[in-house]
Amino acid sequence: MRSKPLEFSDASEWRPSRAALLRAMLMSAELEFLMEAHDGISAKIVEEAGFKGIWASGLSISAALGVRDSNEASWTQVLEVLEFMSDVTSIPILVDGDTGYGNFNNLRRLVRKLCQRDIAGICIEDKLFPKTNSFVGEGQPLADIDEFCGKIKAGKDSQTDADFVLVARIEALISGWGLDEALRRAEAYDEAGADALLIHSKQETADEVLAFKAEWGGRAPMIIVPTKYYTTPVEVFRQAGISMVIWANHNLRAAITAMQEVCRQIQRDESLAGIEDNIVSLKDLFELTGNEELAEAERRYLPARRREIGAVLIAASRGKALGALTEDRPKCMINVRGQPLLRRLVAAFKEGGVSNVTIVRGYKKEMINLPSIHTVDNDLYAKTGEAASLACAIDHVRGECIVAYGDILFRHHILDRLLATKGDIVVAVDALWRQRTSDAKGWVRDLAICTRPFSASYLDDEPAFLKHMSNDLPEQDVNGEWIGLAKLSAEGSDAVRTVLETMRGDGSLQKASLLDLFTRLAEEGREIRVVYVTGHWLDVDDAADIAKARQFL
Ligand code: SPV
Ligand code: MG
């Protein structure tokens with residue numbers, strides 16, 4: 001059972017229905033305009049262009065479906081198009097309902113369905129079903145006046161939105177019956193309850209519609225469709241007191257012209273080069289169809305995507321202590337149990353969810369040619385340090401990013417912990433560093449002084465931060481050894497890029513190590529979070545390390 005109480009939306013969010021908006025346009029003293037649309041995208045374009053309302057043209061919808069304006073598309077097929085148009089717009093839509101797709105009963109059902117789809121109004125014409133477009137042929141038969149009046153009443157009685165608009169379209173002029181017949185019908189339709197009259201004409205001047213208007217006066221709002229008398233300035237209609245002008249089919253005709261032209265050109269040129277700049281960009285198309293809203297909704301409703309984490313591995317040096325083993329290859333490419341060390345390292349990163357691995361190469365760079373990695377080169381590797389190598393990959397230090405030596409191996413839980421630890425810069429520090437010193441190696445480097453030592457207590461979750469890193473520190477101050485693995489957040493990456501640029505500027509970059517880099521960041525006041533580990537990793541500096549690496553695997 002839901003326990004949340006019902007909430008009512010804020011009254012300030014109230015806005016009039018689209019039907020009310022269309023009604024207000026018809027009642028206003030201004031001359032108003034509707035622009036034709038025939039599908040979702042054209043309806044959106046009409047709204048975007050600033051029109052206050054849409055004419056859902058029967059001719060255009062039929063033509064866009066590739067059929068004639070003769071009720072060849074069924075009313076439910078038209079309804080489906082209207083639903084798309086209504087869903088993607090917020091301005092009123094006046095539907096060209098032809099003759100209502102049958103008698104009064106068919107119209108009743110149509111009107112109810114239109115109201116359900118938030119269509120603001122319907123225009124029905126006093127012809128016979130199936131209709132023919134008014135510009136086709138001469139002397140089309142008209143509906144019986146009484147029958148049409150019954151249809152008007154039935155339509156009005158069926159609307160479920162009080163403001164839904166029913167326009168009665170008079171075809172007497174266009175069918176050659178003359179002004180008197182048009183006026184007779186206008187009076188009857190007005191009496192039957194039509195909210196407005198549409199007076200159609202196919203003359204090339206506005207004379208007959210203006211003559212009608214002069215006789216009709218202001219008894220009900222009057223709508224015109226100046227497709228044929230388009231040379232008449234709208235100011236004439238405004239002065240005459242016409243309520244609304246419908247630009248009836250111009251989006252569809254413009255689209256046909258554009259499509260014919262582009263087809264001709266592509267067919268002729270067998271190339272897209274000549275048209276790309278003359279058509280809407282894909283970016284604008286995605287914007288028009290609202291891709292941004294979907295992306296936002298995905299962020300809200302889909303489970304969080306797997307983080308995209310990159311890595312930059314420093315592998316530019318030779319590794320001299322390995323002697324002949326690094327004569328023909330850098331140490332990261334030494335085979336350990338049949339696979340180069342670097343391949344194992346990259347695999348460990350990928351398994352841990354770190355893709356997009358970039359290797360900074362230097363010594364014998366051509367030997368580093370693993371699949372599915374990026375490489376950048378530090379050709380001055382012999383004279384420069386690790387910070388300079390990292391700077392070569394500065395464009396890859398972005399977003400969430402691992403920075404690591406290219407000659408280490410670690411158990412996967414170390415990477416998991418590093419990735420799970422919050423902080424803009426996080427470094428893994430081995431608290432058991434003394435054990436490594438007492439090993440055959442006899443010395444360690446990458447020593448770290450932190451804000452507190454490792455406590456070995458699982459209950460102790462007070463964070464530790466890095467204060468200083470160096471190869472040479474008083475033993476009593478040392479808290480551990482950096483294992484050559486660091487994680488940066490997007491902000492951490494920004495900070496590292498900034499400090500690399502600063503070091504480049506002040507001349508300290510060339511010789512600096514990664515220890516210098518992290519120490520500098522710490523001294524600048526950046527929090528560098530320490531994750532203490534206890535062994536379970538190794539680096540490869542000499543032949544003894546290779547033997548250990550074999551055992552490690
Ligand atoms: C339409 O746009 O479908 C119309 C207007 O009915 S006209 O084509 O001019 O008849
Ligand atoms: Mg029509």
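Residues numbered from 1 in each chain as written. Chains lettered and ligands numbered in written order. Predicted model: local features only at pLDDT ≥ 70, side-chain atom pairs only at ≥ 80, totals over all residues. Heavy atoms only, no water.

Asks: Looking at this structure, I do not really get the sheet that holds strand S7 (residues 222-224). What am I missing?
Replies: Strands belonging to one sheet form pairs held by backbone hydrogen bonds; the direction of such a pair is parallel or antiparallel. Spatially, S1-S2-S3-S4-S5-S6-S7-S8 is the arrangement adopted by the 8 strands of the closed barrel, whose pairing is parallel. Each strand axis lies, on average, 25° off the axis of its neighbour in the sheet, ignoring direction. Bridge analysis of strand S1 (residues 32-37) against strand S8 (residues 244-247) gives 4 bridges, and the strand direction is parallel. Looking at the pairing, Leu34 lines up with Ile246 of S8. Sheet strands in contact with helix H5 (residues 104-116) are strand S3 (93-96), strand S4 (121-125) and strand S5 (165-170), and its direction is about 155° off that of S4. Of the strands in this sheet, S5 and strand S6 (196-199) touch helix H7 (residues 178-192), which is tilted by about 160° from S5. (Pairing = 2+ DSSP bridges. Helix = DSSP H or I, 4+ residues; strand = E, 2+ residues; numbered from the N terminus. Axes fitted to C-alpha atoms, helices over the stretch in contact; angles between N-to-C directions. Contact = heavy atoms within 4.5 Å.)

Asks: It is not clear to me how the site of ligand 1 should be interpreted in this structure. Could you clarify?
Replies: Surrounding ligand 1, one finds Trp55, Ser57, Gly58, Leu59, Asp96, Asn133, Ser134, Phe135, Arg169, His200 and Ala248. Trp55 places a side-chain nitrogen or oxygen 3.1 Å from an oxygen atom of ligand 1. Asp96 places a side-chain nitrogen or oxygen 2.7 Å from an oxygen atom of ligand 1. Most atoms of ligand 1, that is more than half of them, are within 2 Å of grid points of the largest cavity. (Near = heavy atom within 4 Å. Polar contact = N/O pair within 3.5 Å; in protein donor to acceptor, adjacent residues only side chain to side chain. 1 Å grid on protein atoms, 1.4 Å probe; cavity = no way out; pocket = protein on both sides within 12 Å on 5 of 7 lines; lining within 4 Å. Sits in = over half its atoms within 2 Å of the grid points.)

Asks: Looking at this structure, I do not really get empty space enclosed by the protein. What am I missing?
Replies: Vacant regions in the atomic arrangement are exposed by a probe of water-molecule size rolled over the atoms. Using the criterion set out here, one finds 4 cavities of 30 Å³ or more in the structure. Size it by volume and the largest cavity reaches roughly 140 Å³. As for the largest cavity, its lining consists of 16 residues, and the residues nearest its centre are Leu59, Asp96, Asn133, Arg169 and His200. Counted by class, the lining of the largest cavity contains 5 nonpolar, 6 polar and 5 charged residues. Considered as a void within the structure, the second largest cavity measures approximately 80 Å³ in volume. Lining the second largest cavity are 15 residues, and of these Gly58, Ser62, Val78, Asp98 and Tyr101 lie nearest its centre. Within the residue set of the lining of the second largest cavity, elements represented by two or more residues are helix H3 (58-64) and S3. With 3 residues, the single largest contributor to the lining of the second largest cavity is H3. Among the residues forming the lining of the second largest cavity, the class breakdown is 6 nonpolar, 4 polar and 5 charged. (Points joined across faces, edges and corners; volume = space filled by probe spheres on them. Nonpolar A, V, L, I, M, F, W, Y, C, P; charged D, E, K, R; others polar.)

Asks: Help me understand unusual backbone geometry, please; the structure alone is not making it clear to me.
Replies: At the junction of Phe129 and Pro130, the peptide bond is cis and its omega measures out at -5° in the coordinates. Note on placement: Pro130 falls in the loop between S4 and helix H6 (145-158). The phi angle at Tyr101 is positive, at roughly 60°, despite the residue not being glycine. Tracing the sequence through the fold places Tyr101 in the loop between S3 and H5.

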